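Fold and geometry: a report
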Amino acid sequence: MHEEKEEGAFNIVKTFREYEVLKAERGGYTLLKSGNTIGTLSEAKVEEERIVFKLSQGTNLEVSEKGVREILNPEKAEVCGLMAADGYIRKLRWIKGEGVTYEASLTTINERLAEVFEKLSKEIYGVIPHRDIEYHKTKEGKAKHYKVAIYSKKVVFDLLDLSIKGPARYEFHPPLKHLDEEGKRAYLRGFFSGDGTVALKDEGRYEIRIDSSYRDGLEELRKMFIDLGFHPYEIHEKKYVREGKEYKSYYFTIPSEEHLKFIEEIGSEKEEHINRFRLIKQRGKERRD
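Residues numbered from 1 in each chain as written. Predicted model: local features only at pLDDT ≥ 70, side-chain atom pairs only at ≥ 80, totals over all residues. Heavy atoms only, no water.

All right, on to the overall build of the protein chain then. Helices and strands together make up the secondary structure of the protein chain, namely eight helices and 16 strands. Considered along the principal axes of its C-alpha atoms, the protein chain spans approximately 75 × 70 × 30 Å. With 289 residues in all, the protein chain has 45% of them scored as buried. Within the protein chain, counting contacts between residues at least 6 apart in sequence, those at least 24 apart form 50% of the total. Total accessible area computed for the protein chain in this model is approximately 16600 Å², and 46% of it derives from carbon and sulfur atoms. Positive and negative side-chain charges of the protein chain, numbering 53 and 54 respectively, have mean locations separated by a distance of 5 Å. (Helix = DSSP H or I, 4+ residues; strand = E, 2+ residues; numbered from the N terminus. Buried < 20%, exposed > 50% of the residue type's maximum accessible area, 1.4 Å probe, protein only. Contact = heavy atoms within 4.5 Å. Areas by Shrake-Rupley, 256 points an atom, 1.4 Å probe, with all protein chains shown as cover. Lys, Arg positive; Asp, Glu negative; His and termini not counted. Charge placed at Lys NZ, Arg CZ, Asp CG, Glu CD.)

Any two side chains of opposite charge can pair, on the condition that their charged atoms come close. Under the defined criterion, the tally for this structure stands at 24 salt bridges. Among the salt bridges present, the one from Asp 227 reaches Lys 184, with a minimum N-O distance of 3.2 Å. Of this pair, Asp 227 sits in helix H6 (residues 215–227) while Lys 184 sits in helix H5 (residues 181–195); the two residues are 43 residues apart in sequence, bridging distant segments of the chain. Judged by its relative accessible area of 14%, Lys 184 falls in the buried class. For Lys 281, the salt bridge is made with Glu 264, and the minimal N-O distance between the two is 3.5 Å. Highlighted residues: Lys 281 in helix H8 (residues 271–288) and Glu 264 in helix H7 (residues 259–265), separated in sequence by 17 residues. (Salt bridge = Lys/Arg side-chain N within 4 Å of Asp/Glu carboxyl O.)

At the junction of Gly 166 and Pro 167, the peptide bond is cis and its omega measures out at 10° in the coordinates. Along the chain, Pro 167 falls in the loop between helix H4 (153–160) and H5. Although it is not a glycine, Arg 17 sits at a positive phi angle of roughly 50°. Relative to the assigned elements, Arg 17 resides in the loop between strand S1 (10–16) and strand S2 (19–24). In this structure, Gln 57 is a non-glycine residue whose phi angle is positive, near 55°. Relative to the elements of secondary structure, Gln 57 occurs in the loop between strand S6 (50–54) and strand S7 (59–64).

So, about helix H3 (residues 111–125). Here H3 is 15 residues long and its end C-alpha atoms lie 21 Å apart, about the 21 Å a rise of 1.5 Å per residue gives. Considered for burial, the residues of H3 that qualify are Leu 113, Ala 114, Val 116, Phe 117, Glu 118, Leu 120, Ser 121, Ile 124 and Tyr 125. Of the surrounding elements, those touching the buried residues of H3 are helix H2 (74–86), strand S10 (100–108), strand S11 (130–138), strand S12 (141–150), H4 and H5. The opening residue of H3 is Asn 110, an N-cap whose side-chain oxygen sits 3.0 Å from the backbone nitrogen of Arg 112. Note on H3: the residue one or two positions beyond its end, Gly 126, has a positive phi of about 70°. (Expected span 1.5 Å × (residues − 1). Polar contact = N/O pair within 3.5 Å; in protein donor to acceptor, adjacent residues only side chain to side chain.)

Another point: the packing of H2 against H5. Contact pair H2 / H5: the axes reach a minimum separation of 7 Å and the direction vectors enclose 35°. Considering the relative orientation of H2 and H5, their crossing is right-handed. Between H2, through Pro 74, Ala 77, Glu 78, Cys 80, Gly 81, Leu 82, Ala 84, Ala 85 and Asp 86, and H5, the contact on the second element is made entirely by Glu 182, Gly 183, Ala 186, Tyr 187, Arg 189, Gly 190, Phe 191, Ser 193, Gly 194 and Asp 195. Classifying every residue of the contact of H2 with H5 by side-chain character gives nine nonpolar, five polar and five charged. (Axes fitted to C-alpha atoms, helices over the stretch in contact; angles between N-to-C directions. Left-handed = near helix turned anticlockwise from the far one by under 90°. Nonpolar A, V, L, I, M, F, W, Y, C, P; charged D, E, K, R; others polar.)

H6 packs onto H5 with a crossing angle of 135° between their chain directions and a minimal axis gap of 10 Å. In terms of orientation, H5 lies oblique with respect to H6. The two elements H5 and H6 cross, and the hand of that crossing is left-handed. Between H5 and H6, the residues in contact are Lys 184, Tyr 187, Leu 188 and Phe 191 and Leu 221, Met 224, Phe 225 and Asp 227, respectively. The residue inventory of the contact of H5 with H6, partitioned by class, reads six nonpolar, no polar and two charged. (Parallel < 35°, antiparallel > 145°, perpendicular 65-115°, else oblique.)

Here we come to the packing of aromatic side chains. For any pair of aromatic rings, geometry is given as the distance between the ring centres together with the angle between the planes. Evaluation of the coordinates by the stated rule reveals 12 aromatic pairs. Their ring planes at 65° and their centres at 6.0 Å tell us that Phe 172 and Tyr 214 sit as a pair that is edge-to-face. One end of the pair, Phe 172, is in the loop between H4 and H5; the other, Tyr 214, is in the loop between strand S14 (206–212) and H6, with 42 residues separating them in the sequence. Taken as a pair, Phe 172 and Tyr 214 share a single burial class, namely buried. Ring plane angle 20° and centroid distance 5.6 Å describe the contact between Tyr 240 and Tyr 247, whose orientation is recorded as stacked. Clustering of aromatic rings is evident, with ring pairs tying together Phe 192, Phe 225, Phe 230, Phe 252, Phe 262 and Phe 277. Its guanidinium or amino end placed over the ring of Tyr 251, Arg 209 lies 5.8 Å from that ring's centre, counting from NZ or CZ. Positioned above the aromatic ring of Phe 230, the side-chain terminus of Lys 261 is 4.7 Å from the ring centre. (Phe/Tyr/Trp six-rings, centres within 6.5 Å; stacked < 30°, edge-to-face > 60°. Lys NZ or Arg CZ within 6 Å of the ring centre and 35° of its normal.)

Below is the structure:
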């Protein structure tokens, strides 16, 4: 390797402490640590403070002065956010026999979110999820929802390794050690699409709110917003009764002066949110004029 480098077959692209990145004249990048080859990859994004190598299954390798880590690309980060809000990952053992079903699913009443999950799953894993229409009880009777499921051991174990869901029923945790700033924004967009609200308040004011039944996970989301330069309000608790039983949920809101920043940097996949974002932007334009 070093002989070829001396002959001009390789150019040094970046050096980060003990790490060195070389680019071959005929294409491809080689990553070295203390002179030893770690691997050779075909695609890389060279930035001022880091280099990001493209791996597989929606994962990239980031090399910087902080070291080396695997990070999620925006598509996979958004899938994790969607699943944290409305999905589950599980292994089901058959009642008879010794077989096991592996399932990663999104359940939503919003057809657009079902389509987004299908599209992102195909881009990341190369699989097309199964979509079923199911029904759930409401005060008005039955209402339909969509279940979009991937039945793949490979996909399930890949997501389980990120510890994004469980083990408690509503428990979720953002895969923070695998998220750069772009990944954090994509994750928050996915979560907000599922468990976010854009509500019209009095006097034409809007409220952007993030809800969850799991407070610890919501605290992590709030910290992510702070990391991205937002100033979210504190978490509040609310109680509600369903079928005669009392439940707790939690929420925090984004200050109105940061609504435009939220729309531009985070956004949502849900049509209802997008339509109200347009009204917020129009209202902001009218104020400026």
